[in-house]
Amino acid sequence: MIELSQATPAELRTMIRNNELIKPTAGMANGYAQANLAILKKEHAFDFLLFCQRNPKSCPLLDVTEIGSPIPAFAAKSGDIRTDIPKYRIYKYGELVEEVTDISNCWEDDMVGFLIGCSFTFEHALLNNDISIRHIEEGCNVPMYKTNIPCIEAGIFHGKMVASMRPIPQKDVVRAAQVTSRFPAVHGAPIHIGDPEAIGVSSIQHPDFGDPVTIREGEVPVFWACGVTPQSIAMETKPEVMITHAPGHMFITDIRDEKLGVL
């Protein structure tokens, strides 16, 4: 059995393409950047590009495909955004209508794909600093929450930020913030530390996306901006169609995570 943390991005994309790997991608291909996905028709692509530019904490862009092309030429020349994500979500007019493992039959010639930086990327750096990642330890998806933090509007797109949460021992919180701040292309430093209700999260054990994780005595919930934000935005703005990754099921790029780090 291949060790997923040490597998290459190409090996993992092949497994995913062949439906041999249908699970959250946290902890896979250590040292390589992972990406969230949003696909829109050309008529909404500029507005969404502007939305990402105005909201870089939530939507830091790693790559944008040419109109009609499913190949992310900068992030992974051998990749295909129609097949290389373990699980996709299809939204129509803001409603989640289907979850699938392949969107080839949904792809249209006027579609544009956006690969957005994912916080799974900086988890390798946290582990290298002896800061454990609870959802990897517990073999589940990272918990993600809708917040009360507004995004900056662009064209039709508006709504609130989604945040991912990792419990961090009190003694390691400052170090976690320092380590992740080196990676602004994958959400960077935390947006909030401590009281969940201050950002509109009423129940830490009931995430809006992903799975709950154990928060131990002496640990603090630390929140980072999350690339699931476009899914929340889709529910608010109701474009004709938006195709995304299923939360936690990422596109694994060929970009070395250190290439995205600020020295």
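Anything mentioned here points back to the structure above.
None of these values were measured; they are calculated from a predicted model.

**Concerning the nonpolar core**
A general trend in soluble globular proteins is that nonpolar side chains are found buried together. Formed by 35 residues in total, the largest nonpolar core has its most connected members in Ile 39 and Ile 243. If you list the elements that add at least two residues to this core, you get strand E1 (32-41), strand E3 (88-92), strand E5 (111-117), helix H3 (120-128), helix H5 (173-181), strand E9 (219-225) and strand E11 (251-256). When residues in this core are grouped by element, the largest group, 4 residues, is from E1. Setting aside chain neighbours within four positions, we find Ile 243 in contact with Leu 37, Ala 38, Ile 39, Tyr 88, Arg 89, Ile 90, Ile 103, Cys 106 and Met 111.

**Structural notes on empty space enclosed by the protein**
Evaluation of the coordinates by the stated rule reveals 2 cavities of 30 Å³ or more. Estimates place the volume of the largest cavity at around 80 Å³. What lines the largest cavity is a set of 13 residues, and nearest its centre among them are Gly 27, Met 28, Asn 30, Phe 120 and His 124. Elements that contribute at least two residues to the lining of the largest cavity include exactly E1 and H3. Considering each element in turn, the lining of the largest cavity owes the most residues, 5 residues, to H3.

**Looking at a nonpolar patch on the surface**
On the surface, Phe 46, Leu 49, Leu 61 and Val 64 cluster together into a nonpolar patch covering about 330 Å² of accessible area. Looking at the nonpolar patch, the elements that each hand over two or more residues are helix H2 (42-54) and strand E2 (61-64). Summarising the element assignment, Phe 46 is placed in helix H2.

Procedures and definitions
- Residues numbered from 1 in each chain as written.
- Predicted model: local features only at pLDDT ≥ 70, side-chain atom pairs only at ≥ 80, totals over all residues.
- Heavy atoms only, no water.
- Core = buried A, V, L, I, M, F, W, Y, C linked by side-chain atoms within 4.5 Å.
- Buried < 20%, exposed > 50% of the residue type's maximum accessible area, 1.4 Å probe, protein only.
- Helix = DSSP H or I, 4+ residues; strand = E, 2+ residues; numbered from the N terminus.
- Contact = heavy atoms within 4.5 Å.
- 1 Å grid on protein atoms, 1.4 Å probe; cavity = no way out; pocket = protein on both sides within 12 Å on 5 of 7 lines; lining within 4 Å.
- Points joined across faces, edges and corners; volume = space filled by probe spheres on them.
- Patch = residues over 30% accessible without salt bridge, like charges linked within 9 Å, V, L, I, M, F, W, Y side chains within 5 Å.
- Areas by Shrake-Rupley, 256 points an atom, 1.4 Å probe, with all protein chains shown as cover.
- Salt bridge = Lys/Arg side-chain N within 4 Å of Asp/Glu carboxyl O.

As far as function goes, none of this settles anything; it's purely spatial.
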